[in-house]
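Listed below are the residues making up each chain.
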Amino acid sequence: QQQVKQSPQSLIVQKGGISIINCAYENTAFDYFPWYQQFPGKGPALLIAIRPDVSEKKEGRFTISFNKSAKQFSLHIMDSQPGDSATYFCAASIEGQGAQKLVFGQGTRLTINP
Amino acid sequence: GAGVSQSPSNKVTEKGKDVELRCDPISGHTALYWYRQRLGQGLEFLIYFQGNSAPDKSGLPSDRFSAERTGESVSTLTIQRTQQEDSAVYLCASRASSLAGGRFFGPGTRLTVL
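Residues numbered from 1 in each chain as written. Chains lettered and ligands numbered in written order. Predicted model: local features only at pLDDT ≥ 70, side-chain atom pairs only at ≥ 80, totals over all residues. Heavy atoms only, no water.

Re the overall build of chain A
Right, so step 1: Secondary structure summary: chain A contains zero helices and eleven strands in total.
Right, so step 2: Listing every helix and strand of chain A by position from the N terminus yields β-β-β-β-β-β-β-β-β-β-β.
Right, so step 3: For chain A, whose C-alpha radius of gyration is 14 Å, the value lies close to the compact-globule estimate of 13 Å for 114 residues.
Right, so step 4: Counting only C-alpha atoms and orienting by the principal axes, one finds that chain A spans roughly 45 × 30 × 20 Å.
Right, so step 5: A burial count over chain A gives 46% of its 114 residues as buried.
Right, so step 6: Relative to all contacts within chain A whose residues are 6 or more apart in sequence, the contacts with residues 24 or more apart total 54%.
Right, so step 7: About 5,600 Å² of surface is accessible on chain A, with carbon and sulfur atoms providing 49% of the total.
Right, so step 8: Side chains of chain A give 11 positive and 8 negative charges; the mean places of these two sets differ by 5 Å. (Helix = DSSP H or I, 4+ residues; strand = E, 2+ residues; numbered from the N terminus. Rg over C-alpha atoms; globule rule 2.2 N^0.38 Å. Buried < 20%, exposed > 50% of the residue type's maximum accessible area, 1.4 Å probe, protein only. Contact = heavy atoms within 4.5 Å. Areas by Shrake-Rupley, 256 points an atom, 1.4 Å probe, with all protein chains shown as cover. Lys, Arg positive; Asp, Glu negative; His and termini not counted. Charge placed at Lys NZ, Arg CZ, Asp CG, Glu CD.)

Written as structure tokens, this is what we have:
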């Protein structure tokens, strides 16, 4: 019940296209859903996050769509650029309780072809 | 410093040896996490420190793993009698408080056990 399942494992998108990464969770107590971006040799960096009281959050070219009833959330990268090539992780946690441990998905390696 | 720092950046050791990994969190951050990232995998929670509270050790995989933190400063993760399956990148993250703000990750320590 603590798992977060992420797909696809890898994704290749042409420059200018839309990249879509999906995640699903089981624990309905999760109330914080961030996405992290990780470049080789670096630690993950917070990209964008959403709480379940909204269905969508947009920051620049990055959008999170959240479907509470389906227990799914996704990251959309519009006008994808070669600099977006990285590994993306979704995560979930229960905020305001104990350690607020982030449970991570397995990651998606995104490659944007120029 | 401006971000979370970790040392060493790389560590190669022989099976059976003990290793100590260091994390310097962002100044003033009261919460500190250790995660393990195996090759091609998501991040696994290991341990959480919050101020002077008792740490949440629920993610430590065995009693060979231990961690310490003095107050709100440096933390060390110790792995005793290392095994080949301990090979991974060990990531540290800090957070301003237990109830607010994103987690900021360090670049990690890549541990290789021969």
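This is not the end of the story, as more comes after the structure.
Considerations on the sheet that holds strand 8 (residues 72-77) of chain A
Residue and element names in this part refer to chain A.
Right, so step 1: A sheet is described by the order of its strands in space; here five strands give the open sequence 1-3-8-7-6, paired in antiparallel fashion. Lying at the two open borders of the sheet, with one neighbouring strand each, are strand 1 (4-7) and strand 6 (56-59). Between one strand axis and the next, the sheet turns by 15° as a mean value, whatever way the strands run. (Pairing = 2+ DSSP bridges. Axes fitted to C-alpha atoms, helices over the stretch in contact; angles between N-to-C directions.)

Examining the interface of chain A and chain B
Right, so step 1: Opposite the 20 residues of chain A that make contact, chain B presents 20 residues.
Right, so step 2: Both faces considered, chain A and chain B share a buried interface measuring about 1,500 Å² in area, 49% of it formed by carbon and sulfur atoms.
Right, so step 3: Along the contact surface separating chain A from chain B lie three salt bridges.
Right, so step 4: Note that Glu95(A) and Arg95(B) form a salt bridge whose closest N and O atoms lie 2.4 Å from each other.
Right, so step 5: Inspection of the region where chain A meets chain B yields five residue pairs in polar contact (both at pLDDT 80 or more).
Right, so step 6: For the side of chain A that touches chain B, the per-class residue count stands at eight nonpolar, nine polar and three charged. (Buried area = accessible area lost by both parts, 1.4 Å probe. Salt bridge = Lys/Arg side-chain N within 4 Å of Asp/Glu carboxyl O. Polar contact = N/O pair within 3.5 Å; in protein donor to acceptor, adjacent residues only side chain to side chain. Nonpolar A, V, L, I, M, F, W, Y, C, P; charged D, E, K, R; others polar.)

Side note on the environment of Gln100(A)
All names here are of chain A.
Right, so step 1: The residue Gln 100 is located in the loop between strand 9 (86-92) and strand 10 (103-104) in this model.
Right, so step 2: The exposure class of Gln 100 is buried, given its relative accessible area of 2%.
Right, so step 3: Along the sequence, Gln 100 and Phe 30 sit 70 residues apart, while their C-alpha atoms lie 9.6 Å from each other.

So, a nonpolar patch on the surface
Right, so step 1: Together, Ile18(A), Ile20(A) and Met78(A) give the surface a local cluster of nonpolar side chains, amounting to about 240 Å² of exposed area.
Right, so step 2: If you trace the backbone, Met78(A) turns up in the loop between strand 8 and strand 9. (Patch = residues over 30% accessible without salt bridge, like charges linked within 9 Å, V, L, I, M, F, W, Y side chains within 5 Å.)

What about the nonpolar core?
Right, so step 1: Val4(A), Phe30(A), Phe33(A), Trp35(A), Phe73(A), Leu75(A) and Tyr88(A) are the most contacted members of the largest nonpolar core, which has 26 residues in total.
Right, so step 2: Counting only elements with at least two residues in this core, the list comes to strand 2 (10-14), strand 3 (19-25), strand 4 (33-38), strand 5 (45-50), strand 7 (62-67), strand 8, strand 9 and strand 11 (108-113) of chain A.
Right, so step 3: Take this core: its biggest share by element is four residues, from strand 9 of chain A.
Right, so step 4: Once residues lying within four places of it in the same chain are set aside, the contact partners of Val4(A) are Cys23(A), Ala24(A), Tyr25(A), Phe30(A), Cys90(A), Ala92(A), Val103(A), Phe104(A) and Gly105(A).
Right, so step 5: In this structure, Val4(B), Val19(B), Ile26(B) and Ile79(B) belong to the second largest nonpolar core, which totals 20 residues. (Core = buried A, V, L, I, M, F, W, Y, C linked by side-chain atoms within 4.5 Å.)

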